[in-house]
Amino acid sequence: MDPATAGGFSQEQFREACAELQQPALAGADWQLLVETSGISIYRLLDQTGLYEYKVFGVLEDCPPAVITDVYMDLDYRKQWDQYVKELYEKECGGQTVVYWEVKYPFPMSNRDYVYIRQQQELDVGGRKIYVVLAQSVSVPQFAERPGVIRVKRYKQSLAIESDGKKGSRVFMYYFDNPGGQIPSWLINWAAKNGVPNFLKDMAKACQAYLKKT
């Protein structure tokens, strides 16, 4: 059953994210290395619809896995450190918790918004503690499309995190969305090459600030 209609994710999806953290699955498809920077490697794959899927691998130093997970899941805190958030909150819809997220886009383009479910689990894989967060777009009547904002109807993300054996974390992230509308290729490339690393750097800074306040 589709997680979007089942209201959750399968254990297989959580295990797949864990497996990527241990051994990146880049063979058998045309995954291309897009950029390597600050210990982060980003790969992309052109799918059949002409859109890109992304996989991100790397290490975030001095950011423990539990803290990264807490920061990632804390929507109110994200509004403080993520400059691209216009609106972000959770709402109960038919027995499941749904997230609404509006993202600022540069003028003259329209903002995008997302409606999605997410789920977090902590898994023990051969004695390794791995934190996994999965997210996927859903369609619910409580969140109608807004004038002037383009709804991202296809969105999927997975995040797997474990200790790097020191004070930091090894991280795997898969990301796909269809932003809709007409977005220049230069902006898509910039977002992949700079936006993702910058997001991870901002999140690392947010982790440090989070550690100080807890």
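Scroll up a little and you will see the structure.
The structure reproduced in this document is the subject of the present report. Owing to the predicted nature of the structure, the values given are computational and were not obtained by experimental measurement. (Residues numbered from 1 in each chain as written. Predicted model: local features only at pLDDT ≥ 70, side-chain atom pairs only at ≥ 80, totals over all residues. Heavy atoms only, no water.)

## Considering the overall build of the protein
Turning to step 1, where the next piece is worked out: Counting its regular elements, the protein contains five helices and 10 strands.
Turning to step 2, where the next piece is worked out: Here the protein has a C-alpha radius of gyration of 17 Å; the compact-globule value for 214 residues is 17 Å, and the two agree.
Turning to step 3, where the next piece is worked out: Overall, the protein is about 50 × 40 × 40 Å in size when its C-alpha atoms are taken along their principal axes.
Turning to step 4, where the next piece is worked out: Scored against the burial criterion, the 214 residues of the protein give a buried share of 48%.
Turning to step 5, where the next piece is worked out: In the protein, the share of contacts with a sequence separation of at least 24, taken over all contacts with a separation of at least 6, comes to 57%.
Turning to step 6, where the next piece is worked out: Just so you have it, the protein exposes about 11400 Å², and 50% of that area is on carbon and sulfur atoms.
Turning to step 7, where the next piece is worked out: Treating the 25 positive side-chain charges of the protein as one cloud and the 26 negative ones as another, the clouds have centres 4 Å apart. (Helix = DSSP H or I, 4+ residues; strand = E, 2+ residues; numbered from the N terminus. Rg over C-alpha atoms; globule rule 2.2 N^0.38 Å. Buried < 20%, exposed > 50% of the residue type's maximum accessible area, 1.4 Å probe, protein only. Contact = heavy atoms within 4.5 Å. Areas by Shrake-Rupley, 256 points an atom, 1.4 Å probe, with all protein chains shown as cover. Lys, Arg positive; Asp, Glu negative; His and termini not counted. Charge placed at Lys NZ, Arg CZ, Asp CG, Glu CD.)

## Some points on the state of the cysteines
Put plainly, two cysteines are in a disulfide when a covalent bond ties their sulfur atoms together.
Turning to step 1, where the next piece is worked out: Evaluated as defined, the whole model comprises zero disulfides.
Turning to step 2, where the next piece is worked out: Sulfur of cysteine 63: no disulfide; nearest cysteine sulfur belongs to cysteine 207 and is 4.4 Å away. (Disulfide = S-S within 2.5 Å.)

## Some remarks on the nonpolar core
Turning to step 1, where the next piece is worked out: Counting 29 residues, the largest nonpolar core has Ile42, Leu60, Ile68, Val71, Leu200 and Met203 as its most contacted members.
Turning to step 2, where the next piece is worked out: The greatest single-element share of this core, amounting to nine residues, is contributed by helix H5 (residues 185-213).
Turning to step 3, where the next piece is worked out: Dropping the residues within four chain positions of it, methionine 203 is found in contact with Leu60, Ile68, Val71, Tyr72 and Trp81.
Turning to step 4, where the next piece is worked out: Core analysis: the next-biggest nonpolar cluster, separate from the first, contains 26 residues, Phe14, Phe57, Cys93 and Phe172 among them. (Core = buried A, V, L, I, M, F, W, Y, C linked by side-chain atoms within 4.5 Å.)

## As for the pattern of salt bridges
When the charged atoms of two side chains lie near each other, side chains of opposite charge can form a pair.
Turning to step 1, where the next piece is worked out: Tallying each qualifying case throughout the model produces 13 salt bridges.
Turning to step 2, where the next piece is worked out: The shortest N-O distance in the salt bridge between arginine 146 and glutamate 87 comes to 2.8 Å. Placement of arginine 146 in the loop between strand E7 (128-137) and strand E8 (149-151) and of glutamate 87 in strand E4 (residues 85-93) is noted, with a sequence separation of 59 residues between them.
Turning to step 3, where the next piece is worked out: Among the ionic contacts, a cluster of salt bridges with common partners joins Lys86, Glu87, Glu102 and Arg146. (Salt bridge = Lys/Arg side-chain N within 4 Å of Asp/Glu carboxyl O.)

## Examining the environment of tyrosine 155
Turning to step 1, where the next piece is worked out: Turning to its location among the elements, tyrosine 155 is positioned in strand E9 (residues 155-163).
Turning to step 2, where the next piece is worked out: Judged by its relative accessible area of 5%, tyrosine 155 is buried.
Turning to step 3, where the next piece is worked out: Through-space distance from the C-alpha of tyrosine 155 to that of tyrosine 114 is 7.7 Å; in sequence the pair is 41 residues apart.
Turning to step 4, where the next piece is worked out: Every residue in contact with tyrosine 155, bar those within four places of it in the chain, is listed here: Trp101, Tyr114, Tyr116, Ala135, Gln136, Ser137, Tyr175, Phe176 and Asp177.
Turning to step 5, where the next piece is worked out: Within the structure, the side chain of tyrosine 155 is placed 2.6 Å from the side chain of glutamine 157, a separation counted as a polar contact. (Polar contact = N/O pair within 3.5 Å; in protein donor to acceptor, adjacent residues only side chain to side chain.)

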